[in-house]
Amino acid sequence: MKAIGDVNYDLSKLGWKAFQDLAAAVAAEVLKRPVQTFLESNDGGRDGAFLGRWEGPDGTTVKSTIQCKFLGKPGANLVLSDLKDDVPKAEKLAATGLADDYIILTNAGVSGEADAQICAAFEDVGIKNCRTFGGTWIVQQLTENPKLRMLVPRVYGIGDLSHIITGHGYKQAKAILDSMGSDLSCFVPTDAYRSAVTALHEHGFVILLGDPASGKSTIAAILALGAIDDGCLGALKINSPDQLNLWHPGEKQFLWVDDAFGPNHFDASRMSRWNAELGTLRAAVESGARIVFTSRNYIWEAAKPHLKTSAFSLLKESQVVVNVHALSDEERAQMLYNHVRRVQPKEMRRRLKPFLPAIAVNKAFLPETARRLGDPLFTKNLAVCNERLTRLVEHPVEFLTEVLAQLDDPSRAAVALIFLNSQTGVPSPIAPTVALEMVTRLMGVKSADVARAMQHLNDSLTRLVSEEDGDRWVFRHPTISDAFATLVAASPELVELYAHGAKLDRLLDEVACRPKAAEDGHIRIPPLLYPGLVERLKDYPLDETLRSFLGARCEKAFLQLMLEVRPDILEWAARVQAINQTLSGKLLIAALTSYGLLAEDLRQRIVADIREHSIQWLNAKPLTDTILRQVFKDSEFADYAEAFRKEWLSDIPSVFSEFGRYGSDDEVGMYTEFKENLQVAQAYFSLDDEAFDELYSAIDAHIEELEAQQPSSASSGWSPSSMERADDPTSDGTSSIFRDVDA
């Protein structure tokens, strides 16, 4: 144990790899010797050495070797005999010019006498300058440097947090630590994490991108902890711009916005609100606030074109966008090692060991994969073989669903209770609620059994987090909700749970509110559950997903209930052009018409709009569009078709000249569409006239002329370069990391 002032850090609790990370951070941040190369050793790196460069006193570049020496025994002291194998290596490094400067960093104590003996031994073999820094000195650097603590966040778990972070920040920091559970003790500072730390320090803002289970939330939580440590007066986590009123940027608060641009798909309504607030975010960052956004990659790509970057120029900086999904093989291996070593029994570690290197290099590997393989709850019934472990890595939701299916009834009921309260969590202690009544009724268990199971599952499937208004039970990871939804969706008797708890995006994709839903592979929501689903959809955006669901898979009774609470649906139908709608919009307009839910004057206006647009702009597609056809009465459609035929097909030789009244920036595309629509109309009316062949030839010739007039676009010869990490020819891969995993 080492101490400086009131702060204590037992560096022996870090483990060899975390101490190695600390040593590299100390070398870069304190000694100003950025690490460039890791020297492999035949002990799997446990006494690792690094190469770096630094500016010598005369301005020349000097090559430096940094040697890490980790002793696992608390209170141990470093002596020369601990370094007997390193002296010959140092002699070779000195002979090749790689060790003008040799630094030994150790978590152990170093007496003055031992320091003199060690430095003399190394300088005797050619090292020009040897220095030793022991645990006491390292603890002093940790005490004085919050960025150093942030680069190696596991130190927050080995020191007295009340002495590291004081005031109101301590309460929030402790809540963050408590909510992380075992994540902090197993955390591996990846290149992505270090990039995020740098971005937050230099710009005050960072966007973390990654798929579900890629570690975004863990990194964001640690950044929040580090920001509080570095002077932010508090931390706030929100999910949408509507919650910005809870934030006080003038007080230099840390803001964490989870799924900033939508949880499962791009949310355009959120974007308009964010654009209105970007000036506020910029001013807050300039005043010392720190802001972290998280998002899935594909949602960020959809959001970028809509961002008003002029109001917040940092959004244009690539340095603030960090893809946490990009992991090296070594980073994956170290995550796996940390989790499997933590609590797995020795026998299970022995059985897993032969398969761990292959798991670590599987590109489907996620940080959550490592956590599940390190948790006995997930592996107690696992068949340890290559095929099964590969499926676990590549199909994580399927594996998690199997684990949930094997739980006892009280444990499944505990999971179900959080499932029904996934947005808010379950207040602790668990009190009687409508959700609890539903769970106990459907699962056949008692409330007391649910409470006991919730505690039993803590840090495996559930987690107790502290909020301002009290403690709450939440899922250990969001993917548990997806897996449980899969489980209950397969049971007709548990569809009530599914309808009340599944994520809305998933529900809208999988369910139908009409008879015979199962015939086309959908889960039927019975009419008794319609009011509950309507309530959940009350504030859902009227986007492609919802329009498709309402238009294709809902009966009249459900649509009537929706219209009672969503008048915006009819307002939308009155506002849009049906002919230009995507499939989802057409389906909804057709369904509203077929069920008689549109006012007659509105239906007639839609018919007139389709007719006018089709004839005016030579758009023949409504003639064969079976969905739009449902909006017309038979007589109306017959009149429309005849009017189209008279306008465009009664005098074919003169049609080409009619095109001259139209103009476009893309004339090639315009004439191509003219030809395609004429072909649709010709087929619809079953016309076989040589005049059509002559017309098409004239159009083709005109298109060729237009293309000949366009300037050729010369290829730049540029192609994106690969960002793959270079292979280290001295490395034996990830296998060495697992050498003592079963020790």
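Above: the structure in question.
Residues numbered from 1 in each chain as written. Predicted model: local features only at pLDDT ≥ 70, side-chain atom pairs only at ≥ 80, totals over all residues. Heavy atoms only, no water.

**A closer look at the overall build of the protein**
- A tally of regular secondary structure across the protein gives 36 helices and 17 strands.
- For the protein, the proportion of its 743 residues judged to be buried stands at 52%.
- Here the contacts in the protein between residues at least 6 apart in sequence split such that 71% fall between residues at least 24 apart.
- Accessible area for the protein stands at about 33,900 Å²; split by element, carbon and sulfur atoms hold 50% of it. (Helix = DSSP H or I, 4+ residues; strand = E, 2+ residues; numbered from the N terminus. Buried < 20%, exposed > 50% of the residue type's maximum accessible area, 1.4 Å probe, protein only. Contact = heavy atoms within 4.5 Å. Areas by Shrake-Rupley, 256 points an atom, 1.4 Å probe, with all protein chains shown as cover.)

**Here's the deal with the pairing of strand 8 (residues 205-209)**
- With five of five residues buried, strand 8 lies mostly within the body of the structure.
- Burial of strand 8 is two-sided: the residues Phe205, Ile207 and Leu209 facing one way and the residues Val206 and Leu208 facing the other way are all buried.
- Here strand 8 pairs with strand 11 (residues 290-295) via five bridges, running parallel. Pairing of valine 206 across the sheet is with valine 292, part of strand 11.
- By the bridge criterion, three bridges tie strand 8 to strand 12 (residues 321-323) in an arrangement that is parallel. From the neighbouring strand, leucine 208 faces strand 12, where its bridge partner is valine 322. (Pairing = 2+ DSSP bridges.)

**A look at the packing of aromatic side chains**
- Per the counting criterion, the structure on display carries 26 aromatic pairs.
- The interplanar angle of 65° and the centroid separation of 5.1 Å between the aromatic rings of phenylalanine 419 and phenylalanine 484 together place this pair among those described as edge-to-face. Taken together, the residues span a long stretch of sequence, with phenylalanine 419 in helix 20 (residues 409-420) and phenylalanine 484 in helix 23 (residues 479-489) at a distance of 65 residues.
- The exposure class assigned to phenylalanine 419 is buried, which follows from its relative accessible area of 0%.
- On the basis of relative accessibility, which here comes to 0%, the residue phenylalanine 484 falls in the buried class.
- A centroid spacing of 5.9 Å and a plane angle of 65° characterise the contact between phenylalanine 656 and phenylalanine 659, whose relative ring orientation is edge-to-face. (Phe/Tyr/Trp six-rings, centres within 6.5 Å; stacked < 30°, edge-to-face > 60°.)

**Looking at the side chain of glutamine 141**
- Within the secondary structure, glutamine 141 sits in helix 4 (residues 135-144).
- Residue classification places glutamine 141 among the buried positions, given a relative accessible area of 12%.
- The residues touching glutamine 141, leaving out its near neighbours within four places in the chain, are Val30 and Leu148.

**Brief notes about the sheet that holds strand 15 (residues 470-475)**
- With antiparallel pairing, the three strands of this open sheet are ordered in space as 13-15-14. Unpaired on one side and paired on the other, strand 13 (426-428) and strand 14 (462-467) mark the two borders of the sheet. Each adjacent strand pair in this sheet contributes to an overall mean axis angle of 35°, direction not counted.
- Bridging between strand 14 and strand 15 involves six bridges; their strand directions are antiparallel. By the bridge assignment for strand 15, glutamate 467 is matched with glycine 470. (Axes fitted to C-alpha atoms, helices over the stretch in contact; angles between N-to-C directions.)

**Describing a negative patch on the surface**
- A contiguous patch of negative charge on the surface is contributed by Asp665, Asp666, Glu667, Glu673 and Glu676.
- Looking at the secondary structure, you find aspartate 666 in the loop between helix 34 (655-658) and helix 35 (667-684).
- Residue classification places aspartate 666 among the partly exposed residues on the basis of a relative accessible area of 43%. (Patch = residues over 30% accessible without salt bridge, like charges linked within 9 Å, V, L, I, M, F, W, Y side chains within 5 Å. Salt bridge = Lys/Arg side-chain N within 4 Å of Asp/Glu carboxyl O. Lys, Arg positive; Asp, Glu negative; His and termini not counted. Charge placed at Lys NZ, Arg CZ, Asp CG, Glu CD.)

**Brief notes about helix 33 (residues 634-648)**
- The terminal C-alpha atoms of helix 33 lie 21 Å apart, and with 15 residues this matches the ideal 21 Å at 1.5 Å per residue to within 8%.
- Contacts from the buried residues of helix 33 go to helix 31 (600-616), helix 32 (621-624), helix 34 and helix 35. (Expected span 1.5 Å × (residues − 1).)

**Digging into the nonpolar core**
- Counting residues in each nonpolar core, the largest one holds 190 residues, and the members touching the most others are Leu223, Phe549 and Phe558.
- A total of nine residues in this core trace back to one element, the largest contributor, which is helix 10 (residues 216-229).
- Apart from residues lying up to four places away in sequence, phenylalanine 558 is in contact with Cys513, Tyr530, Leu533, Val534, Leu537, Phe549 and Leu550.
- Counting 28 residues, the second-largest nonpolar core is a separate cluster that includes Val285, Ile299, Ala303 and Leu314. (Core = buried A, V, L, I, M, F, W, Y, C linked by side-chain atoms within 4.5 Å.)

**Comments concerning the state of the cysteines**
- Enumeration over the complete set of coordinates arrives at zero disulfides.
- With no disulfide of its own, cysteine 554 lies 4.6 Å from the sulfur of cysteine 513, the closest cysteine sulfur.
- Its relative accessible area of 3% is what places cysteine 554 among the buried residues. (Disulfide = S-S within 2.5 Å.)

**Considering unusual backbone geometry**
- With an omega of 0°, the peptide bond running from serine 428 to proline 429 counts as cis.
- If you trace the backbone, proline 429 turns up in the loop between strand 13 and helix 21 (434-443).
- A positive phi angle, close to 75°, is found at aspartate 459, a residue other than glycine.
- We note that serine 686 has phi near 55°; this positive angle belongs to a residue other than glycine.
- You can see serine 686 is positioned in the loop between helix 35 and helix 36 (690-709).
- A residue is classified by how much of its surface remains accessible, and serine 686, at 63% relative accessible area, is exposed.

**Quick notes on the pairing of strand 6 (residues 101-106)**
- Where burial is concerned, most of strand 6 is hidden: six out of the six residues are buried.
- The side-chain alternation of strand 6 yields two buried faces, one formed by Asp101, Ile103 and Leu105 and the other by Tyr102, Ile104 and Thr106.
- Inspection of the sheet shows strand 5 (residues 61-69) paired to strand 6 by six bridges, in the parallel sense. What sits directly across from glutamine 67, in strand 6, is isoleucine 104.
- Once the chain exits strand 5 it traverses helix 2 (residues 86-95) before rejoining the sheet at strand 6, and the crossover so formed is right-handed.
- Pairing of strand 6 with strand 7 (residues 129-133) involves five bridges; the strand directions are parallel. If you follow isoleucine 104 over to strand 7, its bridge partner there is threonine 132.
- Regarding topology, helix 3 (residues 112-124) serves as the crossover connection from strand 6 to the parallel strand 7, and that connection is right-handed. (Right-handed = clockwise from strand over helix to strand, strands pointing away.)

**A look at the environment of serine 111**
- Within the fold, serine 111 resides in the loop between strand 6 and helix 3.
- Classification of serine 111 by relative accessible area gives partly exposed; the value is 39%.
- Sequence spacing of serine 111 and asparagine 77 is 34 residues, and the spatial spacing of their C-alpha atoms is 7.7 Å.
- There is a polar contact of 3.1 Å between the side chain of serine 111 and the backbone nitrogen of alanine 114. (Polar contact = N/O pair within 3.5 Å; in protein donor to acceptor, adjacent residues only side chain to side chain.)

**Describing helix 35**
- Taking 1.5 Å of rise per residue, 18 residues should cover 26 Å, and helix 35 covers 26 Å from first to last C-alpha, within 8% of that figure.
- Val668, Met670, Tyr671, Phe674, Lys675, Asn677, Leu678, Ala681 and Gln682 are the residues of helix 35 that are buried.
- Buried positions along helix 35 lie against helix 32, helix 33, helix 34 and helix 36.
- In the segment just after helix 35, serine 686 is the residue with positive phi, at about 55°.

**A closer look at the sheet that holds strand 8**
- The parallel open sheet is built from five strands, whose spatial order is 9-10-11-8-12. A strand with exactly one partner marks an edge of an open sheet, and here the two such strands are strand 9 (235-238) and strand 12. Between one strand and the next, the sheet's axes are offset by a mean angle of 20°, whatever the strand orientation.
- Pairing of strand 9 with strand 10 (residues 254-257) involves four bridges; the strand directions are parallel.

**Re the pattern of salt bridges**
- Considering all chains together, one arrives at 37 salt bridges under this definition.
- In this structure, the salt-bridge partner of arginine 282 is glutamate 286, at a minimum N-O distance of 3.9 Å. With arginine 282 and glutamate 286 both in helix 11 (residues 268-286) and four residues apart, the pair spans about one turn of that helix.
- Classification of arginine 282 by relative accessible area gives partly exposed; the value is 34%.
- Salt-bridge contacts for glutamate 510 lead to arginine 506; the nearest nitrogen and oxygen are separated by 3.1 Å. Placement of both glutamate 510 and arginine 506 in helix 25 (residues 504-510) is noted, with a separation of four residues, approximately one turn of the helix.
- Glutamate 510 sits in the partly exposed class, given a relative accessible area of 22%.

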